[in-house]
Amino acid sequence: MNNGHLPFERPLVELREKIAELKTFTQDKSIDFTEEINTLEERARRLEAEIYGNLTPWQKVQIARHASRPTTSDYIKSIFTDFIELHGDRLYGDDPAIIGGIAKLDGRPVTVIGHERGKDTKDKIARNFGLPHPEGYRKALRLMQQADKFGRPIICFVDTQGAHPGVEAEERGQSEAIARNLREMAGFQVPIVSVVTGEGGSGGALAISVGNRLLMLEHAYYSVISPEGAAAILWRDSAKAQEAAGALNITAQDLYDLNVVDQMIPEPKGGAHKDPVTQANWIKKAILDALEQLSSMDREKLVRDRHQKYGKIGVFNTVG
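Residues numbered from 1 in each chain as written. Predicted model: local features only at pLDDT ≥ 70, side-chain atom pairs only at ≥ 80, totals over all residues. Heavy atoms only, no water.

Asks: Requested: an account of the overall build of the protein, with residues and values cited.
Replies: A tally of regular secondary structure across the protein gives 14 helices and 8 strands. What you see for the protein is a C-alpha radius of gyration of 22 Å, in line with the 20 Å of a compact globule of 320 residues. Once the C-alpha set of the protein is aligned to its principal axes, its extents read approximately 70 × 55 × 45 Å. A separation of at least 24 residues holds for 70% of the contacts in the protein among residues at least 6 apart in sequence. Approximately 15,800 Å² of the protein is accessible, and the part contributed by carbon and sulfur atoms is 52%. Separation of charge centres in the protein, based on 41 positive and 45 negative side chains, amounts to 4 Å. (Helix = DSSP H or I, 4+ residues; strand = E, 2+ residues; numbered from the N terminus. Rg over C-alpha atoms; globule rule 2.2 N^0.38 Å. Contact = heavy atoms within 4.5 Å. Areas by Shrake-Rupley, 256 points an atom, 1.4 Å probe, with all protein chains shown as cover. Lys, Arg positive; Asp, Glu negative; His and termini not counted. Charge placed at Lys NZ, Arg CZ, Asp CG, Glu CD.)

And the structure:
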């Protein structure tokens, strides 16, 4: 990455730098380069359409990981009002890698939960780069149980490479915490809408994404394992991550075609970080539309709807 630009964006960045240079030269030297500038701007528009219209799975992964990509806290500030953050799992402690609390969505009380990977280096370290420990998932479960008790819809933002892989997480019951979330989320009697905003890695993502509707940003990815992890297992070479990304069917389009994802939310050209305000507005509309679809269902039907959603994923053949 160079100055926030991804490697495949470099030709477009260089072309735009040339355009800016000509405009500056025109102003300073009073020489008319209008024709040359117009030609280069048209070339830039074509190149931009070509680059962002034909992204490979690996390039989408790079966009999903962009350092400037909006995080859960950004979306909470943009989409909701009156947010009150709640802390702790009432068993061990608080995990800043998952944030959550009560908020209002167009005046309607909801519970909001999401992975938070942090902004600058200090914040990322404090939040463990968005890799939750068991207490993070237990905090999320506590907030969801509270929402179920008081009839509040649950909105989850998914953005993590996965659950924390360290020994201390296993000692504190990482796998049990994730499994319990999966079981409990399947039975909650309130609408659950989950949005994959960046990385959706393994059980760490699944632990807060079991819902009635699963939405996914255009350049996010959702996978049982990271491309690097898959490459290390399949080829014993993590450098083949690009090849693994292409084989895993992890993009929003792939998963929409496979009926895993219910809706693909478009992103501004170049990714969510190019226009966070517009992106937040698009996400808000998608969440409101999903809640409108679910509003006519009673509590028991919401549970059945969730079970049917996951029952329809995948196909099988009977032999003999």
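Asks: Please give an account of the domain arrangement of the protein that cites residues and values.
Replies: Domains assigned within the protein are domain 1 (8–54) and domain 2 (62–312). Between the C-alpha centres of domain 1 and domain 2 the distance comes to 38 Å. Contact with domain 1, which involves 4 residues of that partner, is made by 5 residues of domain 2. Taken together, domain 1 and domain 2 are joined by 0 salt bridges. The tally of links from domain 1 across to domain 2 stands at 0 residue pairs in polar contact (both at pLDDT 80 or more). Among the residues making up the side of domain 1 that touches domain 2, the classes are represented as 2 nonpolar, no polar and 2 charged. (Domains from an automatic or database assignment. Salt bridge = Lys/Arg side-chain N within 4 Å of Asp/Glu carboxyl O. Polar contact = N/O pair within 3.5 Å; in protein donor to acceptor, adjacent residues only side chain to side chain. Nonpolar A, V, L, I, M, F, W, Y, C, P; charged D, E, K, R; others polar.)

Asks: Got a sec to walk through the UniProt feature "domain: CoA carboxyltransferase C-terminal" (unreviewed entry) in the protein? Specific residues and values, please.
Replies: Residues annotated by UniProt as "domain: CoA carboxyltransferase C-terminal" (unreviewed entry) correspond here to residues 36–293. As annotated, residues 36–293 has a helix share of 47% and a strand share of 19%, and its two end C-alpha atoms lie 51 Å apart. (UniProt positions renumbered as here; feature names shortened; annotations may be inferred.)

Asks: Talk me through the pairing of strand β2 (residues 98–105); I want residue IDs and the actual numbers.
Replies: Among the 8 residues in β2, 6 count as buried, and that is most of the element. Here 3 bridges tie strand β1 (residues 81–85) to β2, and the two strands are oriented antiparallel to one another. The residue bridging Ile84 from the neighbouring strand is Ile102, located in β2. Two elements, β2 and strand β3 (residues 108–115), share 8 bridges in a ladder whose sense is antiparallel. Residue pairing in the sheet places Ile102 in a bridge with Thr111 of β3. (Buried < 20%, exposed > 50% of the residue type's maximum accessible area, 1.4 Å probe, protein only. Pairing = 2+ DSSP bridges.)

Asks: Quick rundown of the side chain of Glu116? Include the residues and the values.
Replies: For Glu116, the location among the structural elements is in the loop between β3 and α5 (121–126). The buried charged residue Glu116 lacks any salt bridge, with Arg127 as its nearest oppositely charged partner at 4.4 Å. Within the local environment of Glu116, its side chain forms a polar contact with the side chain of Thr71, the two groups lying 3.1 Å apart.

Asks: So, helix α2 (residues 34–53): which residues are in play, and what are the values?
Replies: Helix length check: α2, at 20 residues, gives a terminal C-alpha distance of 28 Å against a target of 28 Å (1.5 Å per residue), a fit within 8%. Of the positions making up α2, those classed as buried are Ile37, Leu40, Ala44, Glu48, Ile51 and Tyr52. Here the buried residues of α2 occupy an arc of 85 degrees about the axis, which is enough to place them on one side. Pointing more than 90 degrees away from the buried face of α2 are the exposed residues Glu35, Glu50 and Gly53. (Expected span 1.5 Å × (residues − 1). Arc of directions from axis to C-beta.)

Asks: Lay out a nonpolar patch on the surface with the relevant residues and their values.
Replies: Judged by side-chain polarity, Ile233, Leu234 and Trp235 come together as a nonpolar surface patch covering roughly 320 Å² of accessible area. Trp235 gets classed as partly exposed once you look at its relative accessible area, which sits at 32%. (Patch = residues over 30% accessible without salt bridge, like charges linked within 9 Å, V, L, I, M, F, W, Y side chains within 5 Å.)

Asks: Account for the packing of helix α6 (residues 134–150) against helix α8 (residues 174–187), naming residues and giving values.
Replies: One way to put it is that α6 packs onto α8 with a least axis distance of 8 Å and a crossing angle of 20 degrees. Here α6 is positioned roughly parallel relative to α8, judged by the angle of their axes. Note on packing geometry: the crossing formed by α6 with α8 is left-handed. Two secondary-structure elements touch here, α6 through Pro134, Tyr137, Arg138, Ala140, Leu141 and Met144 and α8 through Gln174, Glu176, Ala177, Ile178, Arg180, Asn181, Glu184 and Met185. Taken together, the residues of the contact of α6 with α8 sort by class into 8 nonpolar, 2 polar and 4 charged. (Axes fitted to C-alpha atoms, helices over the stretch in contact; angles between N-to-C directions. Parallel < 35°, antiparallel > 145°, perpendicular 65-115°, else oblique. Left-handed = near helix turned anticlockwise from the far one by under 90°.)

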